[in-house]
Amino acid sequence: MNFIADETDQKLRGGYYTPTPIAKLLVDWVSEINPKSILEPSCGDGAFLSSIKKAGLSSVKDIHGFELDPEEASKAKSIPLKGLKIKQADFLNWYVTNEHKLPVFDAVVGNPPFIRYQYLPEAQKLLAERIFKSLQLPFTKHTNAWVPFVLASIKMLNPGGRLAMVIPSEILHLPHARSLRKYLLSQCSKILIIDPQELWFEGTLQGTVLLLAEKIKSSNFKKHGAAVSSIRSLGDVSKGLGSRFKKAIFSNHSGLESKWMSLLLTKSERELLNKVTKHPQVARFEDLASVDVGIVTGANKFFLVSDSVVDEFGLHEWVHPMFGRSDHLKGLVHTTENQIYNQSSGLPSNFLYFDVDDYEALPKNVQLYIDSGVDQNLQKRFKCRNRSPWFRVPSVYKSPLAMLKRAHHYPRLVLNQAESYSTDTAYRVNPTTTTAAETLVGSFVNSLTCLSAELEGRSYGGGVLELVPSEIERLLLPHVGLKKTLKKRNKDFIGKESAESFLLKQDTEILIQGLGLSETDAQILHSAWGRLRNRRQRKS
């Protein structure tokens, strides 16, 4: 969990300024329609305004910029631009205050602040919620600050006008941007996402994209939909964005209001995926198993400890086997031998479960250990302070299957043969049908399931794939008879040459022999997975 006290001032105000080459590209693109008026809702020190000046746009008569920071606003005001009006004000507050008499603009450019909802002041949270409500859009309390900025900007755009912004790549997948995706599709004829391989902002792992949107000119104007154009670096678009926008193949296929990750697939890949989804032996994961978070201790370093800590405080009576990190789970099966090896290697693999309500009833050695936690103020942590007593962890139970919350190449199910507990770095999975746990584990790793994980999950600048329970429930899973034992499969997984080599072996047995797909179709699914995996890991 991230805490506000640990974050930099730059991160808390979302102050990541736009490199000049990017500002120039976006300004040049909106310039193609010869705008008379331009809005910059978060102008900072004026990177976009400087690009407007250098572009020498004779058509522009009116430029409005907003900046909350007085020093940055002063810098923006000093840029000699005809018709420039800078307001040292909060754009969202100004928008809400003037929502019944808003001006409209031919173009909007900018780089709105990237600030997590949890870090927003209460006033900003209320403003964001009000903007969603005014546009009759569902609001979620995970909404990043950039989302209402884009919503308000689209609202203030003239029919046929263009919006060009730098925004987080999470627009493609995170639930808190779902209302924005829906609104963009309803208001814009064409939406193009320029998706770079490189990271553009130093000191952050935040992946960013360029959002190019053209507002619908009239009620009978055709809606083309959305598209994604992948690039390695800015050098790929050094001649401008206009040709990319003209050549893009826009899509309005079903499911876009949910997520836009499917835009990263070709039309033929989407058609094949839709066909395989309807296969009688392909199910959603939620039809085969339930998913629950692991044990939330609120202080893993205190409750998940090594043998040496157990010995030091004499806590042997209170320990239980547990895994809590990716290096605890090497294969597809977590055996008792694996658990013992983790402990002997000095890994924190002992779960301290103090199943007692009364501190005074505990032995002195246990009290001493709990006191050491109090000395660290663990009882004041969010999860700990909201339970009584703070040292008694709730929802303690085991599951026959587990899945790590994050994965590098692809997720995997693990058979919990050792009957260990798991922290919230893993999910607890329980089969809900007659399908054996071993069969679920054995069939889980295949290119169809792994591709659906890339489409359903989320990733950040560091390249790790993360899945939450609702996303796992939507994964596509073949349920077929397996010839190879899980013991043999686990051996193959541990001794594999590469993650991809094991996946290809699985595809032969599960997709080709099990589902009856052709080698060509299996390869199409595998290639689509590989391309999305490489995109996430920022590999060519």
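Just so we're clear, the structure is a prediction, and the values are computed from it rather than from any experiment.

Draft legend 1. View of empty space enclosed by the protein. Within the structure shown, the criterion is met by 3 cavities of 30 Å³ or more. Considering only enclosed or pocket space, the largest cavity measures out at about 90 Å³ in volume. Ser-169, Asp-195, Pro-196, Ser-459, Tyr-460, Arg-535, Arg-536 and Arg-538 are the residues that line the largest cavity. Those elements that place two or more of their residues in the lining of the largest cavity are β6 (188–196) and α21 (519–536). Of the residues belonging to the lining of the largest cavity, the class tally is 2 nonpolar, 2 polar and 4 charged. Quantified by volume, the second largest cavity comes out at close to 70 Å³. As for the second largest cavity, its lining consists of His-173, Met-261, Glu-454, Gly-457, Arg-458, Ser-459, Leu-465, Leu-532, Arg-535 and Arg-536. Mapped by element, the contributors of at least two residues to the lining of the second largest cavity are β19 (458–459) and α21. Among the elements that take part in the lining of the second largest cavity, α21 stands out by supplying 3 residues, more than any other. Here the lining of the second largest cavity is built from residues that sort into 3 nonpolar, 3 polar and 4 charged.

Draft legend 2. Expanded view of the packing of aromatic side chains. Per the stated rule, a full pass over the model turns up 21 aromatic pairs. For the pair Phe-302 and Tyr-369, a centre-to-centre distance of 4.4 Å together with 20 degrees between the ring planes defines the contact as stacked. Of this pair, Phe-302 sits in helix α11 (residues 300–303) while Tyr-369 sits in helix α14 (residues 364–375), and the two are 67 residues apart along the sequence. Note on Phe-302: relative accessible area 4%, which makes it buried. For Tyr-369, a relative accessible area of 5% corresponds to the buried category.

Draft legend 3. Highlighting the nonpolar core. Ranked by internal contacts, the top residues of the largest apolar core, which has 98 residues, are Ile-171, Trp-260 and Phe-285. Broken down by element, this core gets its largest block of residues, 7 residues, from helix α7 (residues 146–155). Once residues within four sequence positions are removed from consideration, Trp-260 is found in contact with Ile-171, Leu-172, Arg-181, Leu-184, Leu-185, Ile-191 and Ile-193. Core analysis: the second largest hydrophobic core is formed by 38 residues, Leu-25, Ile-194, Leu-210 and Leu-234 among them.

Draft legend 4. Just helix α19 (residues 486–494), in detail. Here α19 has its buried residues at Leu-486, Arg-489, Asn-490, Asp-492 and Phe-493. Buried residues of α19 fall within an arc of 160 degrees about the axis and therefore sit on the same side. More than 90 degrees from the buried face of α19, the exposed residues found are Lys-487, Lys-491 and Ile-494. Packed against the buried residues of α19 are β16 (413–415), α16 (437–444) and α20 (499–514).

Draft legend 5. Quick look at the sheet that holds β16. Taken in spatial order, the 4 strands make up an open sheet running β10-β18-β14-β16, and their pairing is antiparallel. Only two strands of the sheet have a single partner each, and these edge strands are β10 (289–293) and β16. The sheet shows a mean angle of 30 degrees between the axes of neighbouring strands, taken without regard to direction. Judged from the 5 bridges that link them, β10 and strand β18 (residues 426–431) form a sheet pairing that is antiparallel. Looking at β18, one finds that Ser-290 is bridged to Asn-430. Sheet strands in contact with α16 are β10, β14 (401–404), β16 and β18, and its direction is about 145 degrees off that of β16.

Draft legend 6. Layout of the pairing of β18. Relative to β18, β14 runs antiparallel, the two being bridged by 4 bridges. Opposite Leu-404, over in β18, you have Ala-426 as the bridge partner.

Draft legend 7. Seen up close, the pattern of salt bridges. Inspection of the entire model under this criterion finds 23 salt bridges. In this structure, Asp-357 and Arg-392 form a salt bridge, with 2.6 Å as the shortest nitrogen-oxygen distance. A residue pair is termed long-range when its members are at least 10 positions apart, and Asp-357 in the loop between β13 (350–352) and α14 and Arg-392 in the loop between α15 (382–385) and β14 qualify at 35 residues.

Draft legend 8. Representation of the confidence of the model for the protein chain within the structure. When pLDDT is averaged across the protein chain, the result is 93; 96% of the residues are at 70 or more. Note that pLDDT drops below 50 for residues 1–14; the model gives that stretch 21 contacts with residues more than four away or on any other chain.

Draft legend 9. Examining unusual backbone geometry more closely. Between Ser-388 and Pro-389 the backbone carries a cis peptide bond, its omega angle lying at -5 degrees. If you trace the backbone, Pro-389 turns up in the loop between α15 and β14. Positive phi, normally seen in glycine, also occurs at Asn-377, with a value near 60 degrees. Looking at the secondary structure, you find Asn-377 in the loop between α14 and α15. In this structure Asn-377 comes out as partly exposed when scored by relative accessible area, which is 39%. One non-glycine residue, Glu-419, adopts positive backbone phi at about 55 degrees. Along the chain, the position of Glu-419 falls in the loop between β16 and β17 (421–422).

Draft legend 10. Examining the pairing of β14 more closely. Side-chain alternation along β14 places Leu-401 and Met-403 on one buried face and Ala-402 and Leu-404 on a second face that is also buried. As paired strands, β14 and β16 are joined by 3 bridges and run antiparallel to one another. Within β16, the residue paired with Leu-401 across the bridge is Leu-415.

Draft legend 11. Representation of the packing of helix α6 (residues 122–134) against α7. At a closest axis distance of 10 Å, the pairing of α6 and α7 adopts a crossing angle of 40 degrees. One way to sum up the angle between α6 and α7 is to call them oblique. Crossing of α6 against α7: the hand is left-handed. Across the interface between the two elements, Ala-128, Ile-131 and Phe-132 from α6 touch Val-147, Pro-148 and Leu-151 from α7. Class assignment for the residues of the contact of α6 with α7 results in 6 nonpolar, no polar and no charged.

Calculation criteria
Residues numbered from 1 in each chain as written. Predicted model: local features only at pLDDT ≥ 70, side-chain atom pairs only at ≥ 80, totals over all residues. Heavy atoms only, no water. 1 Å grid on protein atoms, 1.4 Å probe; cavity = no way out; pocket = protein on both sides within 12 Å on 5 of 7 lines; lining within 4 Å. Points joined across faces, edges and corners; volume = space filled by probe spheres on them. Helix = DSSP H or I, 4+ residues; strand = E, 2+ residues; numbered from the N terminus. Nonpolar A, V, L, I, M, F, W, Y, C, P; charged D, E, K, R; others polar. Phe/Tyr/Trp six-rings, centres within 6.5 Å; stacked < 30°, edge-to-face > 60°. Buried < 20%, exposed > 50% of the residue type's maximum accessible area, 1.4 Å probe, protein only. Core = buried A, V, L, I, M, F, W, Y, C linked by side-chain atoms within 4.5 Å. Contact = heavy atoms within 4.5 Å. Arc of directions from axis to C-beta. Pairing = 2+ DSSP bridges. Axes fitted to C-alpha atoms, helices over the stretch in contact; angles between N-to-C directions. Salt bridge = Lys/Arg side-chain N within 4 Å of Asp/Glu carboxyl O. pLDDT = per-residue confidence, 0-100. Parallel < 35°, antiparallel > 145°, perpendicular 65-115°, else oblique. Left-handed = near helix turned anticlockwise from the far one by under 90°.

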